[in-house]
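Residues per chain, in single letters:
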Amino acid sequence: MIFIRADANETIGTGHIMRCLAIAEKIRALCQDVTFIVADSRSRPMIENRGFKTICLDSKWDDLDCETEKLVSVLQKDSADKLLIDSYFVTEQYLKQLSEHVFAAYIDDMYRFAYPVHLLINYNFYADVERYRSLYQKTEVTPELLLGSKYVPLREEFSGIQKEIYPHVTSILITSGGTDCYNVAGHLLERLLAEEQCCTLNYYVVLGRFNQNIDLLQSKYGNCRNVHLLINIPDMAKYMKLCDIAITAGGTTTYELFASGIPSIMYTLADNQLDIAKTVSALGIIPWAGDVREDMTLCIENILKWIDIYSSDYRIRKDISSKMQSYIDGKGAERIAMQLLGGDLKR
């Protein structure tokens, strides 16, 4: 039995659960059972709707040390073989105690300390093997490392996409993460619909389960013929295929856009999005419009500039789409699943 420990809520969004679901589905396809362990009930519907069992610890999602004893008891009771952990709130002591009872794997992108686990996963473009070696140089054992974009855990729908680039831009996808606490989608729509060159385009606005502005956006744009509010949709790839450009926050969605080959413009709204924004911008693939926390107005101005560039040059969009898909093949979740199924307790 393989267990996954992750959470989703209004504060941390849905990214941790979504990438773990992609891995879980690949494990299930390989004929192994997967059970999710969560702190509270807020993420249970999105997990159980995908056919996975959940165990609720009734603990604090942001204080994992308080749940260790209860979690170990669950793992021992159900004879757990492996545990995949995906949370920014792990501590060294938490992981050490779990690793003493089960094969432990951890998804990281913060390099905070030498994580005492058996398997360490960092699927980001900027994953740095030398940085991990430095972290572990004073430890007796080191985990097996799965680093780089070949391990991006995307759902099956993002594998093998053939993106068609059309001469004219008619539709734009807007994503703003699972919560959008700054109402970026609302600010963007207000400005885009006021611009002569943008007001006639179609906008597909993805609103996550925990988005705090759904009622506001529905009241303001629900009857707008060219604004389509997509609430908690299960088929993101469908809309990435449909749209010509995407405006997105950094995060897991970035890799879905790469796999889909949709020319994109990125902004950031959290510290853990900065590295990916800087990396893809430096690669010349996705321009970074700025951080909305610093200057929302400037960020939107930069987005408008890039919409104009993309709209006026079909060749740029065609070239960028090809480059994006060359980085991500959509098989990362399967690679992680295979590694989990093949691992053992030897460190």
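About the criteria used
Residues numbered from 1 in each chain as written. Predicted model: local features only at pLDDT ≥ 70, side-chain atom pairs only at ≥ 80, totals over all residues. Heavy atoms only, no water. Phe/Tyr/Trp six-rings, centres within 6.5 Å; stacked < 30°, edge-to-face > 60°. Buried < 20%, exposed > 50% of the residue type's maximum accessible area, 1.4 Å probe, protein only. Helix = DSSP H or I, 4+ residues; strand = E, 2+ residues; numbered from the N terminus. Axes fitted to C-alpha atoms, helices over the stretch in contact; angles between N-to-C directions. Parallel < 35°, antiparallel > 145°, perpendicular 65-115°, else oblique. Left-handed = near helix turned anticlockwise from the far one by under 90°. Contact = heavy atoms within 4.5 Å. Nonpolar A, V, L, I, M, F, W, Y, C, P; charged D, E, K, R; others polar. Polar contact = N/O pair within 3.5 Å; in protein donor to acceptor, adjacent residues only side chain to side chain. Expected span 1.5 Å × (residues − 1). Arc of directions from axis to C-beta.

Peer 1: Please clarify how the packing of aromatic side chains should be interpreted in this entry.
Peer 2: Two aromatic rings, taken as a pair, are described by how far apart their centres are and by the angle between their planes. Counted under the stated rule, the structure contains 12 aromatic pairs. Between Phe113 and Tyr115, the ring centres sit 4.6 Å apart and the planes meet at 45°, which makes this aromatic pair tilted. Across the pair, Tyr115 and Phe113 agree in class, each one buried. Between the aromatic rings of Phe125 and Tyr255, the centroid separation amounts to 5.0 Å while the plane-to-plane angle is 40°, which identifies the pairing as tilted. Within this pair, whereas Phe125 is found in the loop between strand 6 (119–122) and helix 5 (129–136), its partner Tyr255 is found in helix 9 (residues 252–260), the two being separated by 130 residues in sequence.

Peer 1: Got a minute to help me understand the packing of helix 3 (residues 68–77) against helix 4 (residues 92–99) in this structure?
Peer 2: A packed helix pair is summarised by two numbers, namely the angle formed by the two axes and the spacing between the axes. Relative to each other, helix 3 and helix 4 sit at 20°, their axes nearing to 10 Å. For the element pair helix 3 / helix 4, the angle class is roughly parallel. Of the two elements, helix 3 crosses helix 4, and the hand of that crossing is right-handed. Together, Thr68, Leu71, Val72 and Leu75 of helix 3 and Tyr94, Gln97 and Leu98 of helix 4 make up the contact between the two elements. Here the contact of helix 3 with helix 4 is built from residues that sort into five nonpolar, two polar and no charged.

Peer 1: How should I be thinking about the packing of helix 9 against helix 12 (residues 314–327) in this particular structure?
Peer 2: Axis separation between helix 9 and helix 12 bottoms out at 6 Å; the angle between their running directions is 115°. Considering their axes alone, helix 9 and helix 12 lie roughly perpendicular with respect to each other. Note on packing geometry: the crossing formed by helix 9 with helix 12 is left-handed. Across the interface between the two elements, Leu257, Phe258, Ala259 and Ser260 of helix 9 pack against Met324, Gln325 and Tyr327 of helix 12.

Peer 1: For this particular structure, what's the right way to read the side chain of Ser59?
Peer 2: Within the element layout of this structure, Ser59 appears in the loop between strand 3 (53–56) and helix 3. Among the polar contacts made by the side chain of Ser59, one reaches the side chain of Glu67 at a distance of 2.9 Å.

Peer 1: Explanation requested: helix 12 in the structure shown.
Peer 2: Note that an α-helix has 3.6 residues per turn; residues three or four places apart therefore point the same way. Taking 1.5 Å of rise per residue, 14 residues should cover 20 Å, and helix 12 covers 21 Å from first to last C-alpha, within 8% of that figure. Turning to helix 12, its buried residues are Arg317, Ile320, Ser321 and Met324. The buried residues of helix 12 occupy one face: seen down the axis, they fall within an arc of 105°. Of the residues in helix 12, the exposed ones pointing more than 90 degrees away from the buried face are Ser322 and Ser326. Buried residues belonging to helix 12 abut strand 11 (245–249), helix 9, strand 12 (264–268) and helix 11 (296–312). Near the N-terminus of helix 12, the side chain that reaches the backbone nitrogen of Arg315, with its oxygen 3.1 Å away, is that of Asp313.

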